[in-house]
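Below, each chain spelled out in residue letters.
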Amino acid sequence: MARIRGRHAARRAVTTAAGHRRRGGLRSARYRRGLGGTAVAAVVMAALTASQAPGMELAGDGGADRPGSAGDRTPGDDDYATELPPLESPHPPGTSEPGGSEDTSGIPASVLAAYQKAARSLASRTPGCGLRWELLAGIGKVESGHARGGAVDEDGTTLRPILGPVLNGKGFAHIRDTDGGRWDSDTTYDRAVGPLQFIPSTWDRWGADGNGDGRKDPNNIQDAALAAGAYLCADGRDLSSGAGLDRAVLSYNNSSDYLRTVLAWFEYYRKGTHAVPDRDLSVLPTTPGVGESGGGSSPGAGRGGTDPADDRPGKPNGPGKPDKPGNPGEPGGGGKPGDGDDGGGKPTPEPTGPHAIERVGAGKFTAVAGEDFAGHPVVRVETAKGKGVKGVEVRFEVRGATEAAFGGGARSATVTTDAQGNATAPALGAGSRTGAFTVRATVPGKKLGRVDFAASVTAPRADTLARTSDVALEADRGGKFAQVVEVKATRKGKAVANTTLTASFGDDAEEAGPYFGKDEQGTPVRRLADLKTGADGVVELPELFAGDRPGSYTLTLTAEGGATVQVKVVVKG
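Below or above, wherever it landed, is the structure these notes cover. (Residues numbered from 1 in each chain as written. Predicted model: local features only at pLDDT ≥ 70, side-chain atom pairs only at ≥ 80, totals over all residues. Heavy atoms only, no water.)

So, the overall build of the protein chain
When helices and strands are tallied, the protein chain shows 9 helices and 19 strands. The buried share of the protein chain, reckoned over its 573 residues, is 49%. The contacts in the protein chain between residues at least 6 apart in sequence include a share of 67% that link residues at least 24 apart. When the accessible surface of the protein chain is split by element, carbon and sulfur atoms take 48% of a total near 24,600 Å². (Helix = DSSP H or I, 4+ residues; strand = E, 2+ residues; numbered from the N terminus. Buried < 20%, exposed > 50% of the residue type's maximum accessible area, 1.4 Å probe, protein only. Contact = heavy atoms within 4.5 Å. Areas by Shrake-Rupley, 256 points an atom, 1.4 Å probe, with all protein chains shown as cover.)

This is the structure:
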């Protein structure tokens, strides 16, 4: 009965919410009562729209409020989470009661910081827009569950690509490949990419660099949040007004159900939220359709508590209508338009062959010249359903002007995927040449796209400085030291050539202590900069004079990177 009552409540929610009018948020008491009915069941979604198709206009305003030309595509792909926030107001951490909303109000720390940073940046760039970070959070919750619960690296890039369904016209828009598979690893059709689900052609126009690394990556939450904010603020929109807010969200996905869902989370986060550790799975959506590789998952599959009878986008159950297990395209059947349906209502076998190649883990690697890279590029070959494929040959290739190479000096290596579908590149030596290059992974003979890893080789920095002689440095007052000061820079026992050093005496030598000759004005020089080691890692200092004050002095030499050595210098009376 609970499930049937939930469906009735969901149906009433749609009817009640359809006529709501907002002024700066969800201001209709009737609408809030409608949301309460959906606390136990996902809101019923309308049939999938074609808002993502090129040139499609927005309902209600003729597309006049849409960024760019009529051919500009909205960021997403109509595949999104549909659950609404709890009816209760959020509780601060540690105070939630049974049935409270502490988990759902939490946002992964890295993702929350990205939303807030983007809003601050746009507040100065487009002060009339009035974008609040809670709106970005509402969209991020619905599109990807906040990057799958904050599954991002220290730079904000998702640990695994988040891809929407293949936009091949089967249940979704029909969009031919526009990026050569660069972002979605699909050279035939486009797929929405990243935690805020940008279609590649839209990213090409609206992409942003939110973390200042010089790249615009839709898989990076900071880049994606800034781009989404700019998209929402386009054409001089004022998001502090109800009409402006509606048009902005509809420009992202032209669906009234999407609008209601995003605004529900927007209002919920405005009432209170808190940071939770990255990868806290409690903040993941509990309904299907949130940027999973291959286009989402079946109800209840890997979602932790989703009712198999929950409604899917565009496929509502009527009140009291029994489920029909195994019938693709209906709730309970685990199907979605274009997923396992041959068009005649009969399920086809689940694809088991390679469909996509995706990055696993870090996308950037750095090593010191002459050493090996500590990390290894890793990719995963998956079926259209996101399952790993064993036994597929993956080719890793070093591309660019670099001496980096795999074992034996090879510029490429072929690895076979393991039982999980993962292929790990062999150890990569940095070589002696500094600079940036790319390691590219592909599946030879198959059009699965490519995965690029950014790699760079930096100059070695000394970890040790030492004198090359043990002879004591002593000289008479007013005289000159007979022994020249010479030091050697090494790293892990190997000489470091062409590294920069500085040499200076302490404050006690400022007036009359030892010095390195005199400048053009006749002033004693007691500090040297830009000393360079030779090929053998050795640097020889200029002649050293004793000065007029007897005593013991300390000469300190420091290499770039922080290695130091102190040399005792004695002036005899």
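Read on for the rest.
Thoughts on the side chain of Glu 134
Its location among the elements puts Glu 134 in helix α5 (residues 133–150). Residue Glu 134 is classed as buried on the basis of its relative accessible area of 6%. If we ignore the near neighbours within four places in the chain, the residues touching Glu 134 are Phe 266, Tyr 269 and Arg 270.

Re the sheet that holds strand β6 (residues 393–399)
The sheet built from 5 strands is open, its strands ordered β4-β10-β9-β6-β7 with mixed pairing. One side of each edge strand has no neighbouring strand; the edge strands of this open sheet are β4 (364–368) and β7 (412–416). With direction set aside, neighbouring strand axes in the sheet form an average angle of 25 degrees. Bridging between β4 and strand β10 (residues 451–458) involves 5 bridges; their strand directions are parallel. If you follow Ala 367 over to β10, its bridge partner there is Val 457. (Pairing = 2+ DSSP bridges. Axes fitted to C-alpha atoms, helices over the stretch in contact; angles between N-to-C directions.)

Details of the sheet that holds strand β5 (residues 378–382)
Pairing is antiparallel in the open sheet, where 3 strands are placed in the order β3-β5-β8. Edge strands, defined here as strands with exactly one partner in the open sheet, are β3 (356–360) and β8 (422–424). Strand-to-strand twist across the sheet, computed as the mean angle between neighbouring axes with direction ignored, equals 30 degrees. The pairing of β5 with β8 spans 3 bridges and is classified as antiparallel. Counterpart to Arg 380 in the pairing with β8 is Asn 422.

Overview of the packing of aromatic side chains
If you walk through the whole model with that rule in mind, you get 11 aromatic pairs. Geometrically, the ring pair formed by Tyr 231 and Tyr 252 is edge-to-face, given 6.0 Å between the ring centres and 80 degrees between the ring planes. In this pair, Tyr 231 is assigned in helix α7 (residues 221–233) and Tyr 252 in helix α8 (residues 242–252), connecting sequence segments 21 residues apart. Here Tyr 231 matches Tyr 252 in class, with each residue buried. An angle of 15 degrees between the planes, with centres 5.4 Å apart, marks the rings of Tyr 515 and Phe 545 as stacked. Of this pair, Tyr 515 sits in the loop between β15 (500–505) and β16 (527–532) while Phe 545 is found in the loop between β17 (538–540) and β18 (551–559), placing the two residues 30 residues apart along the sequence. Through a chain of ring-to-ring contacts, three or more aromatic side chains come together here, namely Phe 198, Trp 203, Trp 206, Tyr 231 and Tyr 252. In this structure, Lys 141 is placed above the aromatic ring of Trp 265, and the distance from its NZ or CZ to the ring centre is 4.7 Å. (Phe/Tyr/Trp six-rings, centres within 6.5 Å; stacked < 30°, edge-to-face > 60°. Lys NZ or Arg CZ within 6 Å of the ring centre and 35° of its normal.)

Some details on the environment of Pro 514
Its location among the elements puts Pro 514 in the loop between β15 and β16. Assessed through its relative accessible area of 0%, Pro 514 is described here as buried. Sequence separation between Pro 514 and Phe 481 is 33 residues; the distance between their C-alpha atoms is 9.4 Å.

So, the pattern of salt bridges
One pass over the full model with this rule turns up 16 salt bridges. For Arg 260, the salt bridge identified is with Asp 257, shortest N-O distance 2.5 Å. Taken together, the residues Arg 260 and Asp 257, both in helix α9 (residues 256–270) and 3 residues apart, mark about one turn of the helix. Under the relative-accessibility criterion, Arg 260 is labelled buried at 9%. Taken together, the shared-partner salt bridges connect Arg 160, Glu 358, Arg 380 and Glu 382 into one network. (Salt bridge = Lys/Arg side-chain N within 4 Å of Asp/Glu carboxyl O.)

Geometric values such as these leave the question of function open.
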